[in-house]
Amino acid sequence: MFDKQDAAPVCECIMCGGEIYPGEIVWDTDEGAVHMDCCRAYINEHYMYSDSAAEDLMRLLRVPTRNAT
């Protein structure tokens, strides 16, 4: 991975407001980019239909999660 000090951010995460740099893996939504670490919060805020909706979707998309079983 490159040194973030060598590059300018290309956009901000719509969930946390943090900077996103070239080469970072993000989820591109209709509203903007989301850090992979912020995906669960985005899903919960926009698509929560059940207590396990975010975990189910992330597992389906094969996104690694800290709380996955």
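Residues numbered from 1 in each chain as written. Predicted model: local features only at pLDDT ≥ 70, side-chain atom pairs only at ≥ 80, totals over all residues. Heavy atoms only, no water.

## Description of helix 2 (residues 53-60)
Three or four residues apart is the spacing at which side chains of an α-helix point the same way, because the helix has 3.6 residues per turn. Where helix 2 is concerned, the buried positions are Ala-53, Ala-54, Glu-55 and Met-58. Among the structural elements, helix 1 (39-47) are those in contact with the buried residues of helix 2. At the exit of helix 2 stands Arg-62, carrying a positive phi of roughly 60°. (Buried < 20%, exposed > 50% of the residue type's maximum accessible area, 1.4 Å probe, protein only. Helix = DSSP H or I, 4+ residues; strand = E, 2+ residues; numbered from the N terminus. Contact = heavy atoms within 4.5 Å.)

## Structural notes on the nonpolar core
Residues Cys-13, Ile-20, Ala-33, Val-34, Cys-38, Cys-39, Tyr-42, Ile-43, Ala-54 and Met-58 constitute the largest nonpolar core, which totals 10 residues. Looking at this core, the elements with two or more residues in it are strand 4 (33-35), helix 1 and helix 2. Sort the elements by how many residues they give to this core and helix 1 lands first, with three residues. Ile-20 has contacts with Pro-9, Val-10, Cys-11, Glu-12, Cys-13, Val-26, Ala-33 and His-35, leaving out every residue within four places of it along the chain. (Core = buried A, V, L, I, M, F, W, Y, C linked by side-chain atoms within 4.5 Å.)

## Looking at the packing of aromatic side chains
Per the stated rule, a full pass over the model turns up one aromatic pair. Ring centres of Trp-27 and Tyr-42 lie 5.4 Å apart, and the angle between their planes is 75°; on these two criteria the pair is classed as edge-to-face. Placement of Trp-27 in strand 3 (residues 26-28) and of Tyr-42 in helix 1 is noted, with a sequence separation of 15 residues between them. Judged by its relative accessible area of 24%, Trp-27 is partly exposed. (Phe/Tyr/Trp six-rings, centres within 6.5 Å; stacked < 30°, edge-to-face > 60°.)

## Comments concerning the packing of helix 1 against helix 2
It is the contact of helix 1 with helix 2, at a shortest axis distance of 9 Å, that shows an interaxial angle of 125°. On the basis of their axis angle, the class for helix 1 and helix 2 is oblique. Once helix 1 is placed against helix 2, the crossing between them reads as right-handed. Of helix 2, the residues touching helix 1 (which contributes Cys-39, Arg-40, Ile-43, Asn-44 and Tyr-47) are Ala-53, Ala-54, Glu-55, Leu-57 and Met-58. Looking at side-chain class alone, the contact of helix 1 with helix 2 contains seven nonpolar, one polar and two charged residues. (Axes fitted to C-alpha atoms, helices over the stretch in contact; angles between N-to-C directions. Parallel < 35°, antiparallel > 145°, perpendicular 65-115°, else oblique. Left-handed = near helix turned anticlockwise from the far one by under 90°. Nonpolar A, V, L, I, M, F, W, Y, C, P; charged D, E, K, R; others polar.)

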